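# An overview of the molecular structure
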Amino acid sequence: MDLRASGPPSDSPAAEAWRQQAITWRNRALLLLDHLPFPVALCDAEGVIFLANPAMATEWGMLSGQMAGRNALDFFRPRAGTRLDPISEAVRLRRRARYPVEVTWVTSGGVERYGEMDIDPVSDTPDAPTALMLSLRVGGELAQPPVEEASGHTRVSGVEARILASTAAGDTTARIAKSVGLTVDGVNYHLTRLSQRWGVRGKAALVARAYALGVLDSTAWPPAPAG
């Protein structure tokens with residue numbers, strides 16, 4: 001809620017009472033958002049999230065505040081052929097309409113899901129900056145493709161190999177991030193993508209798969225990339 005919206009003049013005796021009432025209603029709205037059973041987030045016109053409810057953050061094993069400042073496209077992938085131009089045009093022209101977008105995403109457990117995201121341009125007042133409200137309806141899980149043994153499938157980057165070796169050694173995600181020069185989110189991204197690529201869930205299964213595919217040296221301790 002924009003506290004600069006129309007109300008009593010700032011020098012009015014009722015101004016402070018009006019501000020307090022606006023704050024009260026804003027807090028009630030945030031409380032309601034937190035208790036909604038389905039994923040909801042609010043972001044600016046560029047897609048940068050400034051508020052997400054627990055149901056949304058749970059999809060990635062995160063807390064609500066950890067999604068703030070990240071772009072929604074960091075988490076969701078529009079399905080092939082989906083055009084986002086109409087949404088940008090709606091924001092520019094300040095249109096009020098609902099835009100359903102089919103999306104996929106990878107959960108914190110490495111499971112790829114699909115669903116539909118309703119995107120609603122919203123604002124507190126007609127002249128306030130437009131924001132976007134994202135409401136997610138989870139459809140289900142995408143079938144995992146069979147794991148291929150071709151060299152192109154098993155090949156990993158140097159950073160991925162180092163992340164796998166450190167994971168096998170039992171290092172924390174924070175320690176791995178520091179050693180490879182990434183953020184914690186960056187390390188989790190690589191682990192999630194590797195889990196998806198190899199069709200496994202969890203770090204233990206990911207490490208086991210890395211040894212089975214020859215990505216990690218089975219004779220080395222501490223764990224090290226093969227070759």
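The structure we're discussing is the one just above.
Analysis parameters
- Residues numbered from 1 in each chain as written.
- Predicted model: local features only at pLDDT ≥ 70, side-chain atom pairs only at ≥ 80, totals over all residues.
- Heavy atoms only, no water.
- Helix = DSSP H or I, 4+ residues; strand = E, 2+ residues; numbered from the N terminus.
- Core = buried A, V, L, I, M, F, W, Y, C linked by side-chain atoms within 4.5 Å.
- Buried < 20%, exposed > 50% of the residue type's maximum accessible area, 1.4 Å probe, protein only.
- Contact = heavy atoms within 4.5 Å.
- Axes fitted to C-alpha atoms, helices over the stretch in contact; angles between N-to-C directions.
- Parallel < 35°, antiparallel > 145°, perpendicular 65-115°, else oblique.
- Left-handed = near helix turned anticlockwise from the far one by under 90°.
- Nonpolar A, V, L, I, M, F, W, Y, C, P; charged D, E, K, R; others polar.

### Details of unusual backbone geometry
The general pattern is negative phi for most residues beyond glycine and trans for most peptide bonds. Here the amide bond leading from W221 into P222 is cis, since omega sits at 0°, within 30 degrees of zero. Positionally, P222 belongs in the segment after α9 (203–212).

### Quick look at the nonpolar core
Residues M56, W60, M67, F76 and L134 are the most contacted members of the largest nonpolar core, which totals 24 residues. Counting residues per element, the ones that place at least two in this core are β1 (40–44), β2 (49–52), α2 (54–58), α4 (85–93), β4 (99–106), β5 (112–122) and β6 (131–141). Take this core: its biggest share by element is four residues, from β4. Ignoring sequence-local partners within four residues, the contact set of L134 consists of P39, V40, A41, C43, M56, A72, M117, D118 and I119. If you look at the next biggest cluster of nonpolar residues, it comprises 16 residues, including I176, A177, V200 and L216.

### A look at the packing of helix α6 (residues 158–168) against α9
Taken N-terminus to C-terminus, the directions of α6 and α9 make an angle of 120°; their axes are 10 Å apart at the nearest point. The orientation of α6 relative to α9 falls into the category oblique. The hand of the α6/α9 crossing is left-handed. In this structure, α6 contributes L164, T167 and A168 to the contact, and α9 contributes K203, L206, V207, A210 and Y211. Grouping the constituent residues of the contact of α6 with α9 by class yields six nonpolar, one polar and one charged.

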